[in-house]
Amino acid sequence: MSARNNTRSGGKSPSRKPKTYLDWWIERLEELHGFEDEAKQLYGTTKQAMPADSWAILKLAFLGNYVDMYTSIVKSRIGRMYYLETNAGCGLNKIEDVDNAIVFGSPMVAMKKARKAFDGYVLVEKEKSYCEALQKLMPSAHIINGDVNSDINNPGGHGLRHALSLVPRNTPILAFVDPYGMDVRWRTLELLLDAWSDVIINFQSVQRVVGSVDYNVKYASTLTDFFGTNAWQQCRTNGEFLELYMSQIRQHKDVVIPIKIQGRGGYYYHLIVAVKKTRGPQDWIEFIHRTKDSVERADANDVEKFMNVFAKKQGTLDDLFKGSS
């Protein structure tokens, strides 16, 4: 059996009492509190933080939990692993609707939540000042200042091909694709999906990005580049766009799981987890679904409560969610 196929095989871990929704979020809030002082101190050094709304913690909480699971399993079974991000930002987020609270962004979450350290980080970011901030925060990481799509047709570009070339051969990758809208083209994403990788993708509502479906013809080339097919022309709802994108991903990965991130005023997007099946027990898929349930159950009102606890404006989650299970 190859190392690839045996990554997550093995006996089940000892049975534990399942965590409740409240248990899970109390742990996430404790992490935020633990990271708060360091994030503020680092912001004083870099003076860079990406604006974000409070429900960004849903995305970061899912990523952090996945990193915890992934690094524990892969490091012990394979012995090496890399983290790669296509739109890395500056490493810190400013939660504007909760007193501009400073929290770790995704690259820092990946580093801090790794139960066993990644052997390397490869971070791609277009904004030069963000790259400079990342280099201060993560001096040992490979920081690439460029458009992730730039070397699909140009071998000399500084995009995903270059990023993947920095990962040693036969090394598994946990990749986070967190673009601004539809910035990552399908041909770019395919390179990552075909690698030895677990991929988490932020899929934005297409209608929110380009407007009403009736006007999508204006964005025809953008949509075809994004989906890798012109079948988007048959889609009329956000659900149909999402299913088309996942069907494209299924050509490369066996397991494709969407997680809905709910904001305010009907705003939402999906994180899509794309992985290969392995031989042996599939406990890790059950883990993804348990985490999905905890994240999807939270709505914008819950997120505001989480962040107000974080900002010490309200009591504890136990007080706010009495009777939750």
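Read on for a plain summary of the structure. (Residues numbered from 1 in each chain as written. Predicted model: local features only at pLDDT ≥ 70, side-chain atom pairs only at ≥ 80, totals over all residues. Heavy atoms only, no water.)

## Here's the deal with the side chain of Asp 151
Turning to step 1, where the next piece is worked out: With respect to the element layout, Asp 151 can be found in the loop between strand 6 (142-145) and helix 5 (160-165).
Turning to step 2, where the next piece is worked out: Here Gly 159 takes part through its backbone nitrogen, which lies 3.2 Å from a polar atom of the side chain of Asp 151.
Turning to step 3, where the next piece is worked out: Among the polar contacts listed, one links the side chain of Asp 151 to the backbone nitrogen of Leu 160, at a separation of 3.3 Å.
Turning to step 4, where the next piece is worked out: Among all residues touching Asp 151, those that are not within four sequence positions of it are Gly 157, His 158, Gly 159, Leu 160, Arg 161 and His 162. (Helix = DSSP H or I, 4+ residues; strand = E, 2+ residues; numbered from the N terminus. Polar contact = N/O pair within 3.5 Å; in protein donor to acceptor, adjacent residues only side chain to side chain. Contact = heavy atoms within 4.5 Å.)

## Details of the nonpolar core
Turning to step 1, where the next piece is worked out: By size, the foremost hydrophobic cluster in this structure holds 69 residues, and its most contacted members are Trp 25, Phe 62, Tyr 66, Tyr 83, Phe 118 and Ile 200.
Turning to step 2, where the next piece is worked out: It is helix 2 (residues 56-77) that contributes the most residues to this core, 12 residues altogether.
Turning to step 3, where the next piece is worked out: If we ignore the near neighbours within four places in the chain, the residues touching Phe 62 are Ile 200, Ile 259, Leu 271, Val 273, Ile 288, Thr 291, Lys 292 and Val 295.
Turning to step 4, where the next piece is worked out: Counting residues in hydrophobic clusters, the runner-up holds 37 residues, among them Tyr 82, Met 182, Val 199 and Val 206. (Core = buried A, V, L, I, M, F, W, Y, C linked by side-chain atoms within 4.5 Å. Buried < 20%, exposed > 50% of the residue type's maximum accessible area, 1.4 Å probe, protein only.)

## A look at the pairing of strand 8 (residues 197-204)
Turning to step 1, where the next piece is worked out: Burial analysis of strand 8 places eight of its eight residues in the buried class, the great majority of the element.
Turning to step 2, where the next piece is worked out: Alternating residues of strand 8 divide into Ser 197, Val 199, Ile 201 and Phe 203 and Asp 198, Ile 200, Asn 202 and Gln 204, and every residue in both groups is buried.
Turning to step 3, where the next piece is worked out: Sheet topology places strand 7 (residues 173-177) next to strand 8; five bridges connect them, and they run parallel. Within strand 8, the position partnered with Phe 176 by the bridge is Ile 200.
Turning to step 4, where the next piece is worked out: At this point the chain moves from strand 7, through helix 6 (residues 186-193), to the parallel strand 8, and the crossover so formed is right-handed.
Turning to step 5, where the next piece is worked out: Relative to strand 10 (residues 268-275), strand 8 runs antiparallel, the two sharing six bridges. Counterpart to Asn 202 in the pairing with strand 10 is Leu 271. (Pairing = 2+ DSSP bridges. Right-handed = clockwise from strand over helix to strand, strands pointing away.)

## Describing the packing of aromatic side chains
Turning to step 1, where the next piece is worked out: Applying the stated criterion across every chain yields a total of 16 aromatic pairs.
Turning to step 2, where the next piece is worked out: The interplanar angle of 55 degrees and the centroid separation of 6.0 Å between the aromatic rings of Tyr 83 and Tyr 121 together place this pair among those described as tilted. One end of the pair, Tyr 83, is in strand 2 (residues 82-85); the other, Tyr 121, is in strand 5 (residues 120-125), and 38 residues separate them in sequence. Per residue, the accessibility class of Tyr 83 equals that of Tyr 121, and both read buried.
Turning to step 3, where the next piece is worked out: Connected via pairs of aromatic rings, a cluster forms that spans Trp 186, Phe 203, Phe 226, Phe 227, Phe 241 and Tyr 245.
Turning to step 4, where the next piece is worked out: Positioned over the ring face of Trp 24 is Arg 28, at 4.6 Å from the centre of the ring.
Turning to step 5, where the next piece is worked out: Positioned above the aromatic ring of Tyr 21 is the side chain of Arg 297, whose terminal nitrogen or guanidinium carbon lies 4.3 Å from the ring centre. (Phe/Tyr/Trp six-rings, centres within 6.5 Å; stacked < 30°, edge-to-face > 60°. Lys NZ or Arg CZ within 6 Å of the ring centre and 35° of its normal.)

## Remarks on the side chain of Asp 302
Turning to step 1, where the next piece is worked out: Tracing the sequence through the fold places Asp 302 in helix 11 (residues 300-310).
Turning to step 2, where the next piece is worked out: The class of Asp 302 is buried, set by a relative accessible area of 11%.

## So, helix 9 (residues 238-249)
Turning to step 1, where the next piece is worked out: Across its 12 residues, helix 9 extends 17 Å between first and last C-alpha, which sits within 8% of the 16 Å expected from 1.5 Å per residue.
Turning to step 2, where the next piece is worked out: All of the buried residues in helix 9 are Asn 238, Phe 241, Leu 242, Leu 244, Tyr 245, Met 246, Gln 248 and Ile 249.
Turning to step 3, where the next piece is worked out: Tucked into the core, helix 9 has its buried residues touching helix 6, strand 8, helix 7 (206-210), helix 8 (220-227), strand 9 (255-262) and strand 10. (Expected span 1.5 Å × (residues − 1).)

## Quick word on the sheet that holds strand 3 (residues 92-95)
Turning to step 1, where the next piece is worked out: Within the open sheet, the three strands sit side by side as 1-3-4. Their pairing is mixed. A strand with exactly one partner marks an edge of an open sheet, and here the two such strands are strand 1 (50-52) and strand 4 (101-104). If you compare each strand with its neighbour and ignore which way they point, the axes differ by 35 degrees on average.
Turning to step 2, where the next piece is worked out: Strand direction decides the pairing type here: strand 3 and strand 4, joined by four bridges, are antiparallel. (Axes fitted to C-alpha atoms, helices over the stretch in contact; angles between N-to-C directions.)

## Let's talk about the environment of Met 81
Turning to step 1, where the next piece is worked out: With respect to the helices, strands and loops of the structure, Met 81 is situated in the loop between helix 2 and strand 2.
Turning to step 2, where the next piece is worked out: In this structure Met 81 comes out as buried when scored by relative accessible area, which is 0%.
Turning to step 3, where the next piece is worked out: Considered as a pair, Met 81 and Ala 117 are 36 residues apart in the sequence and their alpha carbons are 8.6 Å apart.
Turning to step 4, where the next piece is worked out: Non-local contacts of Met 81, meaning those with residues more than four positions away in its chain, are made with Tyr 70, Thr 71, Val 74, Lys 75, Lys 116, Ala 117, Phe 118, Asp 119, Gly 120, Thr 171 and Pro 172.

## Side note on the sheet that holds strand 10
Turning to step 1, where the next piece is worked out: Strand order in the open sheet formed by seven strands is 6-5-2-7-8-10-9, with mixed pairing between adjacent strands. One side of each edge strand has no neighbouring strand; the edge strands of this open sheet are strand 6 and strand 9. When the angles between neighbouring strand axes are averaged without regard to direction, this sheet yields 15 degrees.
Turning to step 2, where the next piece is worked out: Taken strand by strand, helix 3 (residues 106-113) contacts strand 2, strand 5 and strand 7, and its axis lies near 165 degrees from that of strand 2.
Turning to step 3, where the next piece is worked out: Along the sheet face, helix 9 touches strand 8, strand 9 and strand 10 and points at about 15 degrees away from the line of strand 10.

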